[in-house]
Every structure is written in C-alpha cells, then in structure tokens.
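Structural overview
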Amino acid sequence: MIDLEPLWLTAKLALITTIILLTVSIPLCYWLAYSKFKFKAAVEAIVSLPLVLPPSVLGFYLLLAFSPKNTFGKFLDQYFDAHLVFTFEGLIIASVLYSLPFMVHPIQSGLKNLPISLKEAAFTLGKSKFTTLTKILLPNIKSSILTGIVLTFAHTVGEFGVVLMIGGSIPGETKVMSIAIYDEVQSMNYYTANVYAAILFSFTFLILLGVYLLNNSFSKTNPLND
Amino acid sequence: MINFYTHKMLQTADGKLPLDVSFTVEKGQFLSIYGNSGAGKTTILRILAGLTEAEKVDIEVENEVWDNSQKKYHLPVQKRSIGFVFQDFALFPNLTVKENLEFALQKNDTPHIVAELIELMELQSLQNSKPQNLSGGQKQRVALARAIVRKPKILLLDEPLSALDDEMRFKLQDYIIKIHQHYQLTTLMISHTIAEIFKLSDKVIILDKGKIVKEGTPSSVFSEEKISSKFKLTGEIISISKSDIVYVVQVLSGNNIVKVIATEDEIKDFRIGQKVLVASKAFNPIIQVIS
Amino acid sequence: MNTLNGTITTIQSHEGISLVKVKSGNTIFTSIVLDSPETVSYLKTDYPVKILFKETEVIIAKDFNPNISIQNRILCSIQSIKKGVILSQINLVSDKVSIKSIITSNACNQLELKENDTVIALIKTNEVSLSPND
C-alpha cells in the first residue's frame, strides 16, 4: 500500500508557502520597482541569494539559527514557544526564504515593465498608492503574478536540500515527496519510489501546463503582458 | 492664478543643464510652452503636477501653496487639483473607456460627470471598448476626458497632439478649446507647432536650455514687429511648383492652404516643411460675407 | 520680393494710419502702414528700415513724367529681361540698387522693352511694407 501522506504534506507546504510569499512579495516588489533607496541593490542581492546558494548552505544556516542551543533559537523557544527545527513550521519558513526570488523576480519585472505613466496617471487622478496598486498595477501584470505563483509552488514541491537539512524525514511532519522518494530509494523500494516519482512528475507537469494555457489567454486579451 | 518658480539640475544627453524658470498664469488663461526637446518643458509640467521634485521650488495656485522648498512643504500629487494628459496617453489597459473615466471619480462624486464627458467628447460608441482597440486620436480624447473628471483647476497637456496626423490634430484642437472653455480651466500645454499655439493659446513661453527666452502673446512672440504688414499668417511650406517664370508656393496654416507667388531667387531659400510667415498689406485682401 | 535699405525721414499719422517717407539712396519712397509711432517702436525719424514690395506690384512706364496718382517713381535702366510665355521678369537697376518687376509678356512686348532702355518703375504707396532693420 502506497502511503500518500508525503503527497498531501508537499501540497500543503507548497500552498502555504505560496500564499505567504504572494502576500509578502507584492509590497516588497512595489518597493523594489519604484524606490530610489541607496542600498536597494543590496536588498535585491539578498533576495536573489537562494538562486545561486546550494540549498544545503541555506539549510545549514537555518538549522544553526533555529537550534534551541543558539541565541535566536533560544529566544524563539522562550518567548514564543516556537520550535522550528524538524517541524512543519520550520519547513515553511525555510521554503519561504528559499523560494523568495521565484515569486519576487516575475512580479518585480512585471511592475518595472509597466509604463511609469500608468502609476503617475492614477496619482494625478487623486488615487492613493494602495488603490493604484490594487486597481491598476496588479490587474495589468496578471501573467507575471501567475508566473510567480507557479514557479514558487513548483519550486517548493521540488525542494530537497533545505528540507533535508532543517526538516529531516519525520512522517506527517516533514517527510515531503522528494524526501520520501529518497528514503524509498535508500531502502531499495524502487517500486514505491517509482510511483512517488511518477505522481510528482505528472502533478508538476499538469500544473505548469495549466498555467501556460491560462497565460496564453491572458496575453491575448492584454497586450501589455507579453 | 498660478505663481511658479523652480530651479532644478537636469541630466541631459549633453551633460548637466540648470532649469531655472519663473512665470505666472492668470486664471482661465491658456499657456503654451514652446522650445527644443531637452529644454525642460516636460519637467516644468511634472514639477507643477508634483510628479517630479526639484532643488528649489515655489508654487502657489490661487493663493494656496503647493510647493515651498524653503519651508519644506510639498503638497502630494493626489491633493493637487490637476488633470494631466500624458504623451503616451497612459490609459489603463485593464479598464474600458467608461471604466477609465469612472476610475477618476472621487468618493462623493456623482457619476453624472462621466456621462457628460462621454457625450461632450463623443465617446458614446467607444465607451465599452478597451484602450488597445482605439486609434491614437480616440485614445487622446479618452485621456483628455479622463483628466477632466475630477474637475481640476489646471489642465496640463504634455505634447498631446504630437503623435497624430494633421486632420486628427485639428479636430482635437477643437476638443481642447471646447474643454478649456466649458470647464473654465487654466491650461498649460507643451507644443512644437506654432500654428497650434496661435490657434489655442493666449500666452506662450519659449524655453531654451532651461531658461525662458521670450514670453507674451503668440503674435508678439512669434512675429514681433518684424514687418508692418497686417495680413499675416504663419504656416508650413507644403509644396513649391514652377509656373512659367515664377513659382507657386503652397503654405499650410491651420487647416487653410494659401498660395503665394515667389521668384526663382526666393525659392532657393525655401524648402518643404519650413515654417514661414506669409504677409501682405492690410490694403490688399478683400472680404466677402459667406452666405 | 524687392528689399531696399533706407532710413525714415518723415512720418505723418492720423487715427492709427501713417504715411511714412523713407530715403533709400537718392530716392524717397512713400509707404502707408496701419501703425503709428505709439504702437510700434521703429516708427521714428532716422530709424533704419527695409523697404519691401513684391515684384508683381512694380509697374513699368516709358513716359518719364506720367500724370497719375502713383507716388513712388524710380528712374531705372533695364539690365536684363527674362521672358516667359505669360509673364516676364524685368531686372532693373537704379543707383546701384536692383529692382525686379514681373509683368505680363504681352505688356513687355507692347512697350517694346529691351536691355539698356531707361524706364520708370512705379509702386503704389499701399504696396510698400516696412520692416525694422536691426
């Protein structure tokens, strides 16, 4: 009997990570796209770090930071009663950091590619930054947002190194699909590994397919999103 | 009345250029700003709108301070009673024509003004179209209508007609006049076309390398005491053709074409597209009533 | 367009209309303009001005003292003639100043104009424009 728990866990992790990142990235991207802050480049570099850093490095640092033996981990433990090592919550935080550039980059470039006059026109019509963002800017970068959502979701589904470092392989808590496959291969259960891999493969393919279909229909109705 | 002063260092292709400008515009006046590209025309409109900051700026509109760099006061763009028509129209692609106009409504506004503007600008048949399906002239009309929804005191037009062909241009000039008068606006327009400035504006400022080099009524600025002739019009040479031993030069002024005889020596200095002043004594023309 | 340099000698104004006499070489030109010294700065005696008039407004006469209303009369000699089918251009010279006249070829033939003929160029007062020369 195939244990489907890792599949649900993966989906749950990817979904929560995507929702958190979407909420965080929109204001961050607005700031990155329009701010004239001197050290903006440094912020952009930090956001992009997970793209080039081996996942094990990120995982290792997070493991150190969250460990109850260290100051930050101790602080979390004492004041918030939060245990982030080898827990689902810790996994979410790690995934958010790890997938940050996959959400930020498409949205940021979407905003940058919009003519600046759209934002300015909304301002001259007496509209606040918030109204301008929600009524004008975001609706015109639908495909960028969608790309961000999908990349983040898919990237979280596929992550392995970070999860291994910070989450381990606790069934029902941190044992996601990629880890489960690894475990099964280690235990020579090639059949189960195969089934898991096939599920992951078709699951990811279907998501991407859906997105590209949807995206094509967006670009047909909106020439700005090409 | 608008009192405007600014000093700002501009970064241009030829290096740094100080923009240093001061002028006043009476309420209800139509002011044109004329000058080479890179002279700082757009920057003036943007500073007045609050979209661009300047090192030194002092703006007062009908006794209300909009900017005062000494007192570090800056009224945000949203609070300024302006309508801005951008060079690229800046219509919102996700909204229909009508929704573009409705977006400009403020909290307690009645949507009545939207219907009124749709009618005034003859947009009835386009109101449910998205901007990408409109022609340049149609987009311009929508942008103009949208800028008026808030009933601003000041209308700012950044080369509104530069992208349009002549026929469309003349039509839109009429729409601009209509809007300016109907809503009793004070209008500032950037324009490259002398004929357009003559047709629309009461006052013109000529800007060169960040400084005002001339200001006054269009006729005093563009043809000041240059010739005693009273029958004058400015226009563009559109054709030169030989006719016996003389040449017929066609000049387009506004939407009128006039023909003038010139000698072989004279046409050596003429070329198509050149801006010219056509003059004749007030004694020559005859006037007939059009029935 | 004929352009001659001159200086204003007298101005007679009445109700916004002025009769201006301008000396160019040894010739006095009269021009009538819808301006007065109050409305334009260049209308004052001794001010340098350009005298402008169109070639097609220059009348040619072989009679040196015609009894007609035209005020501006310049004694010239014909330097060259450029004949067209309908129109002819007569290039005149007077006192080193060149003046051009465009008349119909019929008129040119009728007057039997040829090079080195001495003629009078006539220009109506209301065809002469002035332009400040600065």
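An unreviewed UniProt entry lists chain C under the name Tobe domain protein, with Flavobacterium gawalongense as the source organism.

Chain B appears in an unreviewed UniProt entry as ATP-binding cassette domain-containing protein from Flavobacterium gawalongense.

To continue, consider the overall build of chain B. Within chain B one finds 8 helices and 15 strands. The contacts in chain B between residues at least 6 apart in sequence include a share of 65% that link residues at least 24 apart.

As a further point, take the confidence of the model for chain C. Looking at chain C, pLDDT values average 90 and 100% of them are 70 or higher. This complex was scored by the predictor with a pTM of 0.70 and an ipTM of 0.80.

Another aspect to go through is helix H7 (residues 129-137) of chain A. All names here are of chain A. Taken residue by residue, H7 has Thr132, Ile136 and Leu137 as its buried positions. What you see down the axis of H7 is that its buried residues fit within an arc of 70°, all on one side. Buried residues belonging to H7 abut helix H5 (88-113) and helix H6 (116-124).

Moving on, we come to the interface of chain B and chain C. Each side of the interface is counted separately: chain B has 16 residues, and chain C has 24 residues. In terms of residue class, the side of chain B that touches chain C is made up of 7 nonpolar, 3 polar and 6 charged.

The partner chain A presents 18 residues to the 17 residues of chain B that form the contact. Split into classes, the residues belonging to the side of chain B that touches chain A amount to 11 nonpolar, 4 polar and 2 charged.

This part takes up the pairing of strand E2 (residues 15-25) of chain B. All names here are of chain B. The pairing of strand E1 (residues 2-12) with E2 spans 11 bridges and is classified as antiparallel. Note that in E2 the partner of His7 across the bridge is Asp20. Here E1 hands over to E2 after 2 residues, the two strands then running antiparallel side by side.

Our focus in this paragraph is the sheet that holds strand E15 (residues 275-280) of chain B. All names here are of chain B. Spatially, E14-E13-E12-E15 is the arrangement adopted by the 4 strands of the open sheet, whose pairing is antiparallel. Looking along the sheet, the strands with just one partner apiece sit at the ends: strand E14 (256-262) and E15. The mean inter-strand angle of the sheet, taken between neighbouring strand axes irrespective of direction, is 50°. Here strand E12 (residues 231-243) pairs with E15 via 6 bridges, running antiparallel. The partner of Lys232 across the bridge, within E15, is Ala279.

With that settled, consider the sheet that holds strand E11 (residues 211-216) of chain B. All names here are of chain B. Pairing within the open sheet is mixed, and its 6 strands lie in the order E7-E8-E9-E3-E10-E11. Among the strands making up the open sheet, the edge pair consists of strand E7 (82-85) and E11. Across the sheet, the mean angle separating the axes of adjacent strands is 15° when strand polarity is ignored. The pairing of strand E3 (residues 30-35) with strand E9 (residues 186-190) spans 4 bridges and is classified as parallel. Bridged to Ser32 within E9 is Met189. Where helix H1 (residues 41-49) meets the sheet, it contacts E3, E7, strand E8 (154-158), E9 and strand E10 (203-208), and its direction lies at approximately 150° from that of E8.

For the rest of this paragraph, the subject is the packing of helix H4 (residues 136-148) of chain B against helix H5 (residues 166-182) of chain B. Residue and element names in this part refer to chain B. Orientation of H4 relative to H5, taken along the N-to-C sense of each, is 10°, at an axis distance of 10 Å. The angle between H4 and H5 falls in the class roughly parallel. Facing Gly136, Gly137, Gln140, Arg141, Leu144 and Ile148 of H4, the residues of H5 in contact are Met168, Lys171, Leu172, Tyr175, Ile176 and Ile179. Here the residues of the contact of H4 with H5 sort into 7 nonpolar, 3 polar and 2 charged.

So, on to the packing of H5 of chain A against helix H8 (residues 142-158) of chain A. To characterise two packed helices, one gives the angle between the axes of the helices and the distance between these axes. Residues and elements named next belong to chain A. Between H5 and H8, the least distance of the axes is 8 Å, while the angle of their chain directions is 160°. For the element pair H5 / H8, the angle class is roughly antiparallel. The way H5 lies across H8 gives a crossing that is right-handed. Contacts between H5 and H8 involve Ser95, Ser99, Phe102, Met103, Pro106, Ile107, Ser109 and Gly110 on the former and, on the latter, Ser144, Ile145, Thr147, Gly148, Leu151, Thr152, His155 and Thr156. Here the contact of H5 with H8 is built from residues that sort into 6 nonpolar, 10 polar and no charged.

Glancing now at the nonpolar core. Core analysis: the biggest nonpolar cluster contains 117 residues, and Leu117, Leu144 and Leu156 of chain B have the highest contact counts within it. In terms of residue count, H5 of chain A provides more of this core than any other element does, 9 residues in total. For Leu156 of chain B, the contacting residues outside a window of four places in its chain are Leu45, Leu48, Ala49, Ile82, Gly83, Phe84, Val85 and Leu188 of chain B. If you look at the next biggest cluster of nonpolar residues, it comprises 23 residues, including Val58, Ile74, Val128 and Leu130 of chain C.

A few words now on the environment of Lys175 of chain A. Residue and element names in this part refer to chain A. By secondary structure assignment, the location of Lys175 is in the loop between helix H9 (161-166) and helix H10 (177-186). Here the alpha-carbon distance between Lys175 and Thr10, two residues 165 residues apart in the chain, equals 8.3 Å. Every residue in contact with Lys175, bar those within four places of it in the chain, is listed here: Pro6, Leu9, Ser169, Ile170 and Ala180.

All right, on to unusual backbone geometry then. Even without a glycine there, the phi angle at Glu122 of chain B is positive, about 55°. With respect to the element layout, Glu122 of chain B can be found in the loop between helix H3 (112-120) and H4. Here Glu112 of chain C, not a glycine, exhibits a phi torsion of approximately 55°, which is positive. Mapped onto the secondary structure, Glu112 of chain C falls in the loop between helix H1 (105-110) and strand E9 (118-123). The class of Glu112 of chain C is exposed, set by 8 C-beta atoms lying within 10 Å.

What counts and what doesn't
Residues numbered from 1 in each chain as written. Chains lettered and ligands numbered in written order. Predicted model: local features only at pLDDT ≥ 70, side-chain atom pairs only at ≥ 80, totals over all residues. Helix = DSSP H or I, 4+ residues; strand = E, 2+ residues; numbered from the N terminus. Contact = placed C-beta atoms within 7 Å. pLDDT = per-residue confidence, 0-100. Buried ≥ 20, exposed ≤ 12 C-beta atoms within 10 Å, placed from the backbone. Arc of directions from axis to C-beta. Nonpolar A, V, L, I, M, F, W, Y, C, P; charged D, E, K, R; others polar. Pairing = 2+ DSSP bridges. Axes fitted to C-alpha atoms, helices over the stretch in contact; angles between N-to-C directions. Parallel < 35°, antiparallel > 145°, perpendicular 65-115°, else oblique. Left-handed = near helix turned anticlockwise from the far one by under 90°. Core = buried A, V, L, I, M, F, W, Y, C linked by C-beta atoms within 7 Å.

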